[in-house]
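# Descriptive analysis of the structure
What follows is the residue order along each chain.
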Amino acid sequence: MSAPLVLAIAGTDETLVLTEFDLVVAGYTGRDEAAVREHVEELAAIGVPEPDSVPAFYPLDRSLAVVADEITVTGAGTSGEVEPLLVRTGGRLYLGVASDHTDRELERTTVAGSKAACPKPLGPTVLPLPADLDWDSVAVRSSVDGRPYQDGYLRALRIPTEVLALYLAAGDDGRDVVLLGGTVPVIGGDFVMGASWEMTLRPAGGPALELNYRVAVADVGAAEGAKA
């Protein structure tokens, strides 16, 4: 059994402790459906399989959701993306920031497998979701090894609560859910690999939610040698 997921609630001494929950990454959540279709076709042209649906949902083992200063991956071809984090627990919604760290080499063969290959770092703090939140004015940024990587607003994406509703449309028993709601384009259009990632999500007039983590690449050869 994996360790509980513990998140601090901003402005309080309270924490969320989640043990049994769905972890799901939503993909292709752009608000402009024509642009999303074009993006799907661009990815298909370089070998990335097309999704079965748009938006696409990738359920993952809950143990991949981590609050940590460092994650370990098994290949050098991985990169992160800043995403809005939506947590549903106890009948309430909370907003945070997360990274859909993904194996870009494996992604050419299996998108679901590429997402399952890497931990999903979560920012340590969440906000109770304001009922009047202006989603379009929520800013998201990321940098890799000190270089700007993403800079945009959630107006480019479907509203995360609507994405959650689409995920739950197949059946909702009230279970806890941890949802990564998609991302904005990377600057320059090309994935960048790196060792140090910094991400922020800032509601208009609200506090910035931050996520900082490092990436370590496991020495698979040494591990296999030790087993032998």
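Preceding this paragraph is the structure being described.
An account of the accompanying structure is given in this report. (Residues numbered from 1 in each chain as written. Predicted model: local features only at pLDDT ≥ 70, side-chain atom pairs only at ≥ 80, totals over all residues. Heavy atoms only, no water.)

Let's shift gears to the overall build of the protein. A count of helices and strands for the protein gives five helices and 17 strands. The C-alpha atoms of the protein give a radius of gyration of 17 Å, which matches the 17 Å a tight globule of 228 residues would have. Principal-axis analysis of the C-alpha atoms places the extent of the protein at approximately 55 × 40 × 40 Å. Per-residue burial for the protein yields a buried fraction of 44% across its 228 residues. When contacts within the protein are restricted to residue pairs at least 6 apart in sequence, those whose partners lie at least 24 apart make up 72%. (Helix = DSSP H or I, 4+ residues; strand = E, 2+ residues; numbered from the N terminus. Rg over C-alpha atoms; globule rule 2.2 N^0.38 Å. Buried < 20%, exposed > 50% of the residue type's maximum accessible area, 1.4 Å probe, protein only. Contact = heavy atoms within 4.5 Å.)

In this section: unusual backbone geometry. The omega torsion of the bond from Val 54 to Pro 55 falls at -5°, within 30 degrees of zero and hence cis. For Tyr 28, which is not glycine, the phi dihedral falls at a positive 55°. The topology assignment puts Tyr 28 in the loop between β3 (21-27) and α1 (33-45). With a relative accessible area of 15%, Tyr 28 lands in the buried category.

Whether parallel or antiparallel, the strands of a sheet pair through hydrogen bonds between backbone atoms. Here we have eight strands laid out as an open sheet, ordered β2-β1-β12-β9-β8-β15-β3-β4, and mixed in their pairing. Looking along the sheet, the strands with just one partner apiece sit at the ends: β2 (15-18) and β4 (56-60). Shown here is a sheet whose adjacent strand axes are inclined to one another by a mean of 30°, direction ignored. Pairing of β3 with β4, which is carried by five bridges, proceeds in the antiparallel orientation. (Pairing = 2+ DSSP bridges. Axes fitted to C-alpha atoms, helices over the stretch in contact; angles between N-to-C directions.)

Okay, the environment of Ala 68 next. Within the element layout of this structure, Ala 68 appears in the loop between β5 (65-66) and β6 (70-73). By relative accessible area, which is 29% here, Ala 68 ends up partly exposed. A C-alpha to C-alpha distance of 17 Å links Ala 68 and Ser 142, two positions 74 residues apart in sequence. Not counting the four nearest positions on each side in its chain, Ala 68 is found in contact with Asn 212 and Tyr 213.

It is worth spelling out the sheet that holds strand β16 (residues 196-202) at this point. The strand order β6-β17-β16-β13-β14 describes an open sheet built from five strands, whose pairing is mixed. The sheet is open, and its two edges are formed by β6 and β14 (147-153), each paired on a single side. Neighbouring strand axes in the sheet, compared pairwise and without regard to direction, differ in orientation by 20° on average. For β6 and strand β17 (residues 209-217), the ladder comprises four bridges, and the chain directions are parallel.

One can find Thr 89 in strand β8 (residues 82-89). Reaching out from Thr 89, the side chain makes a polar contact with the side chain of Asp 176 at a distance of 3.1 Å. Ignoring sequence-local partners within four residues, the contact set of Thr 89 consists of Leu 16, Leu 18, Tyr 94 and Asp 176. (Polar contact = N/O pair within 3.5 Å; in protein donor to acceptor, adjacent residues only side chain to side chain.)

A few words now on helix α4 (residues 160-168). Burial in α4 covers these residues: Pro 160, Val 163, Leu 164, Tyr 167 and Leu 168. Viewed end-on, α4 has its buried residues packed into an arc of 135°, placing them on one side of the element. (Arc of directions from axis to C-beta.)

Turning next to the side chain of Ser 79. Here Ser 79 lies in strand β7 (residues 78-79). According to the relative accessible area criterion, Ser 79 is buried, its value standing at 0%. The residues touching Ser 79, leaving out its near neighbours within four places in the chain, are Asp 100, His 101, Thr 102, Arg 104, Tyr 149, Phe 191, Val 192, Met 193 and Trp 197.

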